[in-house]
Amino acid sequence: MTTLNTLYDLLHNSVEKFADKVAFSMFGGEDVTYKEFGQRVKQVQEMLLDAGLTAGDKVVILSSSMPNWGVCYFAVVTGGMIAVPILPDFTGEELDTLIKHSEAKGLLVSDKLFTKLSKDIVSTLNVVIRTKNLGIISQNVKERSGELVVPKPEDLAVIIYTSGTTSRPKGVMLTHGNLAQQINMIYGLYPIGPEDSMLSVLPLSHTYECSLGMLYVFATGASTTYLQKPPTAAVMLPALKKVRPTCFLIVPLIIEKVFRSQIYNKFTSNKFII
């Protein structure tokens with residue numbers, strides 16, 4: 001894998017090197033090649049520019065996992081803008097507060113999560129783009145006044161709001177250099193390549209899944225498949241059987257659910273215990 005300095009390097013290296021290979025898929029749905037992914041990134045960047053956004057502006061990503069989540073993320077950060085991924089389980093009031101606090105000018109959102117937002121907060125945004133088909137939901141500014149800038153390693157790439165477990169959510173700022181060096185380091189510890197595949201079951205707004213499950217996998221030419229439903233045992237096990245991933249990121253809570261629903265009963269249903 002090429003040593004990376006920014007997420008701009010990551011995008012362009014992978015799109016050029018793995019152009020015809022499938023980068024992202026929906027389980028039972030579309031496949032998106034690296035080349036098609038790069039084309040969609042440019043499409044979203046044009047939409048943001050047409051709504052008056054420019055390098056340095058913040059753009060919120062509030063969406064369920066899908067190939068276009070990554071498209072939107074890369075469209076923002078590789079143009080010198082700042083991505084603000086927000087966890088989907090915040091309340092509508094909390095989402096409004098975080099969007100306002102981030103000073104975002106754009107929003108990239110999935111249909112279900114859009115319904116949680118107030119009309120007042122939507123009206124403050126230059127543009128709202130639907131992640132499912134990259135169509136415009138609303139646009140309050142129609143003036144192309146900014147430009148894209150190739151980011152440097154020290155430039156801010158992402159603001160990640162914590163879940164607020166111990167107090168109010170905090171915005172953690174990460175530079176291009178932070179994320180690029182993390183990918184370089186992980187490759188030295190757990191190398192994967194174009195022959196590998198990932199089944200993604202965690203939300204992409206979770207920094208663990210975003211950094212390792214999307215950025216790292218994309219950098220190596222591997223492919224990722226997303227589920228269309230929450231990762232219950234009934235949904236996840238058939239997907240694992242069909243996709244047969246070589247990479248898998250998981251958390252204990254999901255493993256516990258699989259154990260209790262699929263394994264524990266088999267051990268306890270037999271009256272004869274040895």
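Remember, it's a predicted structure, so these values are computed and weren't measured experimentally. (Residues numbered from 1 in each chain as written. Predicted model: local features only at pLDDT ≥ 70, side-chain atom pairs only at ≥ 80, totals over all residues. Heavy atoms only, no water.)

**Here we look at the packing of aromatic side chains**
- In this structure the tally under the stated criterion is 10 aromatic pairs.
- Judged by centre distance (5.8 Å) and plane angle (10°), the ring pair of Phe24 and Phe218 falls under stacked. One end of the pair, Phe24, is in strand E1 (residues 22-26); the other, Phe218, is in helix H8 (residues 207-220), with 194 residues separating them in the sequence. When sorted by exposure, Phe24 lands in the same class as Phe218, which is buried. (Phe/Tyr/Trp six-rings, centres within 6.5 Å; stacked < 30°, edge-to-face > 60°. Helix = DSSP H or I, 4+ residues; strand = E, 2+ residues; numbered from the N terminus. Buried < 20%, exposed > 50% of the residue type's maximum accessible area, 1.4 Å probe, protein only.)

**Focus: helix H9 (residues 233-243)**
- Listed in full, the buried residues belonging to H9 are Ala233, Met236 and Ala239. Across the axial projection of H9, the buried residues extend over an arc of 140°, all falling on one side. The exposed set on the far side of H9, more than 90 degrees from its buried face, consists of Ala234, Lys241 and Lys242.
- The positive-phi residue at the C-terminal boundary of H9 is Arg244, with phi of around 50°. (Arc of directions from axis to C-beta.)

**Re the side chain of Thr6**
- Within the secondary structure layout, Thr6 lies in the segment before helix H1 (7-17).
- Exposure remark for Thr6: the relative accessible area of 3% places this residue in the buried category.
- Among the polar contacts made by the side chain of Thr6, one reaches the main-chain amide nitrogen of Tyr8 at a distance of 3.3 Å.
- Side-chain polar atoms of Thr6 contact the backbone nitrogen of Asp9, separated by 3.1 Å. (Polar contact = N/O pair within 3.5 Å; in protein donor to acceptor, adjacent residues only side chain to side chain.)

**A short note on the packing of H1 against helix H3 (residues 67-77)**
- At a minimum axis separation of 9 Å, H1 and H3 run at an interaxial angle of 125°. In terms of orientation, H1 lies oblique with respect to H3. As H1 runs across H3, the sense of the crossing is left-handed. Residue-level inspection shows Leu7, Leu10 and Leu11 of H1 in contact with H3, the latter providing Tyr73, Phe74 and Val77.
- In the contact of H1 with H3, the residues fall into six nonpolar, no polar and no charged. (Axes fitted to C-alpha atoms, helices over the stretch in contact; angles between N-to-C directions. Parallel < 35°, antiparallel > 145°, perpendicular 65-115°, else oblique. Left-handed = near helix turned anticlockwise from the far one by under 90°. Contact = heavy atoms within 4.5 Å. Nonpolar A, V, L, I, M, F, W, Y, C, P; charged D, E, K, R; others polar.)

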